[in-house]
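# Observations on the three-dimensional arrangement
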Amino acid sequence: MAENLAAVAVEELVPHRGDMSWLDTVLSADDETVVAQATLRPDSYFVRDGRAPMWVGVEFMAQAIAAWAGNRARRKGEAVKVGLLLGTRRYSVHRQAFLVGDCLRIEARCELMGDNGLGMFACRILVDDALAAEANLSVFEPPNETAFLNFSRESA
């Protein structure tokens, strides 16, 4: 059964901060799914002339997945970890743009999560109960975040 997370601050679940934190609330999450919500505002990233391109939906999906992972860590009493978006498959859009004022309902379902931190999620975004975008996202949550980030910096 999905846990109601509407009273939990997004910052407790997602490592994104400031202008890069795009979710307004995480509505619910369980072992397999997460549902988040975001309203597109005039000052939102990538908004121009009251519109945002549909490809920004990938980031909304990725942040919903981050909320799922953050809730999983929270339930275990662990800190929220950094995750990486590896790729997107079959990104399909069903409208021309997101519009200022649109309330996005972002849903993600874990299809696969390996012990090595690799995962695959089926995601979709609805606006006014109409499907706006859908995709499969591949993600990676390093088992040892500090070692991974230090290795990445040394390799650069």
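Placed above this text is the structure.
A few points on the structure. Please read all numbers here as calculations on a predicted model, not as lab measurements. Starting from 1, residues in each chain are numbered consecutively following that chain's sequence as written. At least 70 in pLDDT is required for a residue's local features to be given in this predicted model, at least 80 for side-chain atom pairs to be given and counted, and no such filter applies to totals for whole chains, interfaces and linings, which use all residues. To obtain the side-chain values, all non-hydrogen atoms of the structure were included, while hydrogens and water were left out.

## Quick notes on the overall build of the protein
Broken down by element type, the protein carries two helices and nine strands. When the elements of the protein are put in sequence order from the N terminus, they spell out β-β-β-β-α-β-β-β-β-β-α. Atoms considered for the radius of gyration are the C-alpha atoms alone. The globule rule reads 2.2 Å times the number of residues to the power 0.38. Taking 15 Å as the expected radius of gyration for a compact globule of 156 residues, we find that the protein reaches 15 Å, a close match to that expectation. Oriented by its inertia axes, the alpha-carbon framework of the protein measures out at about 45 × 40 × 30 Å. Sorting the 156 residues of the protein into buried and exposed places 40% on the buried side. Secondary structure elements are taken from DSSP: a helix is a run of H or I of four residues or more, a strand is a run of E of two residues or more, and numbering for both begins at the N terminus. When accessible area is computed with a 1.4 Å probe and restricted to protein chains, residues below 20% of their type maximum are described as buried, those above 50% as exposed, and intermediate ones as partly exposed.

## A look at the pattern of salt bridges
Two side chains with opposite charge may pair up if their charged atoms get near one another. Each reported salt bridge corresponds to a side-chain nitrogen of Lys or Arg within 4 Å of a carboxyl oxygen of Asp or Glu. Tallying each qualifying case throughout the model produces eight salt bridges. Of the charged contacts in the structure, one is a salt bridge between Asp102 and Arg95, with a shortest N-O distance of 2.8 Å. For Arg95, a relative accessible area of 25% translates into the label partly exposed. A salt bridge links Arg105 to Glu107, with the shortest nitrogen-to-oxygen separation between them at 2.7 Å. By relative accessible area, which is 34% here, Arg105 ends up partly exposed. Glu107 gets classed as buried once you look at its relative accessible area, which sits at 18%.

## Some thoughts on the packing of aromatic side chains
We call Phe, Tyr and Trp rings a pair once their centres come within 6.5 Å, taking the six-membered ring for Trp, and we label the pair stacked below 30 degrees between planes, edge-to-face above 60, and tilted otherwise. In the structure shown here, the tally under the stated rule is seven aromatic pairs. Taken together through their ring pairs, the aromatic side chains of Trp22, Tyr45, Phe46, Trp55, Phe60 and Phe98 make up a single cluster.

## Observations concerning unusual backbone geometry
Trans peptide bonds make up most of the peptide bonds, and negative phi angles are found at most residues other than glycine. Backbone geometry at Asp128 places phi at a positive 55°, although glycine is not the residue there. One can find Asp128 in the loop between β8 (118-127) and β9 (130-140). Judged by relative accessible area, Asp128 falls into the exposed class, the value being 70%. Positive phi, normally seen in glycine, also occurs at Asp129, with a value near 65°. For Asp129, the position within the fold is in the loop between β8 and β9.

## Digging into the nonpolar core
What makes a nonpolar core is a set of buried Ala, Val, Leu, Ile, Met, Phe, Trp, Tyr and Cys residues whose side-chain atoms join them at distances within 4.5 Å. Residues Leu23, Phe60, Phe98 and Ile106 are the most contacted members of the largest nonpolar core, which totals 40 residues. Among the secondary structure elements, those contributing two or more residues to this core are β2 (25-29), β3 (33-39), α1 (57-75), β7 (103-113), β8 and β9. The dominant element in this core, judged by the number of residues it contributes, is α1, at nine residues. By the convention used here, residues are in contact when the closest approach between their heavy atoms is within 4.5 Å. Discounting chain neighbours no more than four positions away, the residues touching Leu23 are Val10, Val14, Ala36, Gln37, Ala38, Phe60, Gln63, Ala64, Ala67 and Ile106.

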